[in-house]
Amino acid sequence: MDASTQCAVRARPTGRHWRTVVLAVFALGFLLRLPTFLRPLLSDDEAIYATTADAMARGDLLYRDVVDHKPPLIYHVYQLGFAAFGRYDTQGAHAMVVLSVLLTAAWLLAIKRRDGDRAGGLAAAAMFLVFSTTWHDYDALAANCELFVLAPQALGAWLLVRDSHEPARGLRGASVHFAVGVLIGISALFKYQGLTFLGVSVGAVAWCAWQSRMTWRRALRLSAVHTVGALVPAALYLAWCAHRGNAAAAVYWFLFNFSYVGAGLNGSQALARGLWRTMLVGGSALVPYALGLLGAISTLRWLYRSARSPSCNQASCVPLSSVVGLLWLFTSAIAVCAGGRFFGHYFHLVLPPLCLLAAPGFLRLWNRGRRARGLLVAACALPALFFLALASVARPLAAALDESEPTYDRVAARMAALTSAEERVFVWGNSPQLYVLARRPMGTRFSFCNYMTGESPGTPTETGQRDADSNQLPAAWAMLFADLEERRPALFVDAAAAGWDGYDKFPLARYPRLRSYVDQHYRPIEIRAGVVLYRRVH
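Residues numbered from 1 in each chain as written. Predicted model: local features only at pLDDT ≥ 70, side-chain atom pairs only at ≥ 80, totals over all residues. Heavy atoms only, no water.

### Observations regarding the confidence of the model for the chain
Summarising the model, the chain shows a mean pLDDT of 92, and 95% of its residues fall at 70 or more. Within the model, the stretch residues 1-13 combines pLDDT values under 50 with 30 contacts to residues more than four positions away or in other chains. (pLDDT = per-residue confidence, 0-100. Contact = heavy atoms within 4.5 Å.)

### Quick look at the environment of Leu99
By the secondary structure assignment, Leu99 is in helix α5 (residues 91-114). According to the relative accessible area criterion, Leu99 is partly exposed, its value standing at 47%. Considered as a pair, Leu99 and Phe30 are 69 residues apart in the sequence and their alpha carbons are 8.8 Å apart. (Helix = DSSP H or I, 4+ residues; strand = E, 2+ residues; numbered from the N terminus. Buried < 20%, exposed > 50% of the residue type's maximum accessible area, 1.4 Å probe, protein only.)

### Brief notes about a nonpolar patch on the surface
On the surface, Leu238, Val251, Phe254, Leu255 and Phe258 cluster together to form a nonpolar patch covering roughly 440 Å² of accessible area. Looking at the nonpolar patch, the element that brings in the most residues is helix α12 (residues 247-262), giving four residues. Position of Leu255 relative to the elements: it lies in helix α12. (Patch = residues over 30% accessible without salt bridge, like charges linked within 9 Å, V, L, I, M, F, W, Y side chains within 5 Å. Areas by Shrake-Rupley, 256 points an atom, 1.4 Å probe, with all protein chains shown as cover. Salt bridge = Lys/Arg side-chain N within 4 Å of Asp/Glu carboxyl O.)

### Observations regarding the nonpolar core
Formed by 172 residues in total, the largest nonpolar core has its most connected members in Met415, Trp428 and Leu514. Here this core takes eleven residues from helix α8 (residues 145-165), the largest share from any one element. Leaving out residues up to four positions away in the same chain, Leu514 has contacts with Trp428, Trp477, Leu480, Phe481, Leu484, Phe492 and Leu508. (Core = buried A, V, L, I, M, F, W, Y, C linked by side-chain atoms within 4.5 Å.)

### Side note on the sheet that holds strand β2 (residues 491-494)
Judged by pairing direction, the sheet is mixed, and its four strands sit side by side in the order β1-β2-β4-β3 without closing on themselves. The open sheet has two edge strands, β1 (425-428) and β3 (522-528), and neither has a second partner. The average undirected angle you get between the axes of adjacent strands in this sheet is 25°. In this sheet, strand β4 (residues 531-536) lies alongside β3 in antiparallel orientation, the contact comprising six bridges. Along β4, the bridge assignment pairs Pro524 with Tyr534. Along the sheet, helix α19 (residues 408-418) makes contact with β1, β2, β3 and β4, crossing β3 at roughly 140°. (Pairing = 2+ DSSP bridges. Axes fitted to C-alpha atoms, helices over the stretch in contact; angles between N-to-C directions.)

### Quick word on the packing of helix α2 (residues 18-32) against α5
Close contact between α2 and α5 brings their axes to 10 Å; oriented N to C, the two are set at 145°. Along this stretch, α2 crosses α5, giving a crossing that reads as right-handed. Between α2 and α5, the residues in contact are Trp18, Val22, Phe26 and Phe30 and Val98, Leu102, Ala105, Ala106 and Leu109, respectively. Here the residues of the contact of α2 with α5 sort into nine nonpolar, no polar and no charged. (Left-handed = near helix turned anticlockwise from the far one by under 90°. Nonpolar A, V, L, I, M, F, W, Y, C, P; charged D, E, K, R; others polar.)

Okay, structure coming up:
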C-alpha cells in the first residue's frame, strides 16, 4: 500500500445523508442483539453473576459471604439490573450489555474520525456491531465480562488519539492521561486482563515521542500517570471492602486467579486449542479477521520502514488509530491466551482492534465497484443472519447442535414448590441456573462446587481426562461445611446424581464427609429428572 492510497482511504466522505446512515448502522446493531432478551439466562456465567448479585442484594458481602473469583464490577452490573427490573430479572443486565456494545462502536467511530477518516470509523463501528453477534448466543449475546471491558478501553483509546491531535498541557493534559489510566483500571475490574491495555497507552505515548510529537521525558511521565490511574479504581474498591469487612477475602480470591490460570492448558495443547478456536470464531467473522490481520501486517511494515529511515515522512501517513489498533490487538491477544481456555466470549477482546485495522481495507473493497461491494455485503450479512436465526426463530436447531441442556426449569419449579421464598437451598453440582430459575437464595457462599471438586472449566478435568482432585481448594471445603451449619439450607439438591453439567464424576459418595453430613441432616424426598432432592430434618 503506497502513501497516496493510504491517505486517500482517510478522505472525509461527504453527503447530507451521513447522519441517517450512522443511525441506520447503530439501529442494525441493536436489532441484531434483540435475541438477547428472548431468554432469561443465556449461559451458566450469567447464572453465576445473577446468583451472586442476588446474594449481594440480600446483604451478603462479595468474596466473604458469597464467592466467585472474578473481578467485582460484573456482579454490581447485575445487582443494578435487579434494582431496575426486579430480583432475578437478568434483562436489566442484558440491556446494559447492549448499551456497552453500542458505546464501544461509537468510540470506534470517534477514534477514526479523529484521524480524519469518518467513513473508516463507520466501517469499524459497523463491523464491530455485526460481528460481535456472529457466534453462539451464550458467548456472543450474553452479558459477560468481556463486552463490558471494551467500552472503557475504547473510550481510553479515543482519548489517546484525541490528545495526539490536540495535545493538552499542564494540569489538563495530566488529567486526560489520568482518565485513560482510570478507564484501564475500570476495565480491569470487569476482567483482570483489562490491565493489558496499559501496553496500548504506554505504547501510544512512546510512538508519539518517537515521532517527536512529545519529549521522551514527557512520555515517561504520562506512562507513570497511566499506571497510577489504572491502580486507583482497584485501590478505591479495596478501601471500600476494608470499610465493610471483606478486604481480606477479596485479596484471597484475587490471588486464587493465579491458580485458576495455572490450571489451564499450556504448551502444545493450548496452541492446538487456540488455533482451532481462532479458526472457528474467525471463520464466522471473516471480514474483520482477514482484513484486520492484513491491516496489522501493513501497519507493521510501515512502522518497520519508518524505524529504519526515521528521517523520511512515510510514518506521517500511518494514523495513530492504526498504531493504537496494532498495540490493542497485541495486548488483547495476550488476554485471550491467558490460561489457555479460549472460550468463545474471550474473542470479543480482539474484535475492536481488528475492526480499526480492517477499516481501510474494507473501504478499498467497497470502492472497487458494485460486484466487490455485493460480495462484501454478503460476507457481512450471511453470518449475521445465520446466527440471528439460531438465536431466535431457529433456537431449537441451535439447541440440537449444542450439548443437550438439562431440564433446569422442571427441577427449579419443584424446588420452588417445596420451599418458601426466603428458605435457602444448596445445589451440589455446577448448575447455578437452578438458583435463578427457582428464585431461591443460596444455602452456602458458593453458586457452584468447582472449588471443592477441583473441576476447572475449559480443561481436561471437565471430561475426566485429568484428575481434578489436585485442584481442590481445602479452604473451600471448610467454608462449605461452615455455611451448611450456619445457614442450614432447607433443601439439598444433588444435581450430580443426574450427571448434569459433567458432575457425574463427582457423586456424593466420592466425598465421605459430605455424604455423611447429608445422611445425618437430610432425608431424600423425591427424585426429579434424576436429581435427588433432600429435605433438612435437623
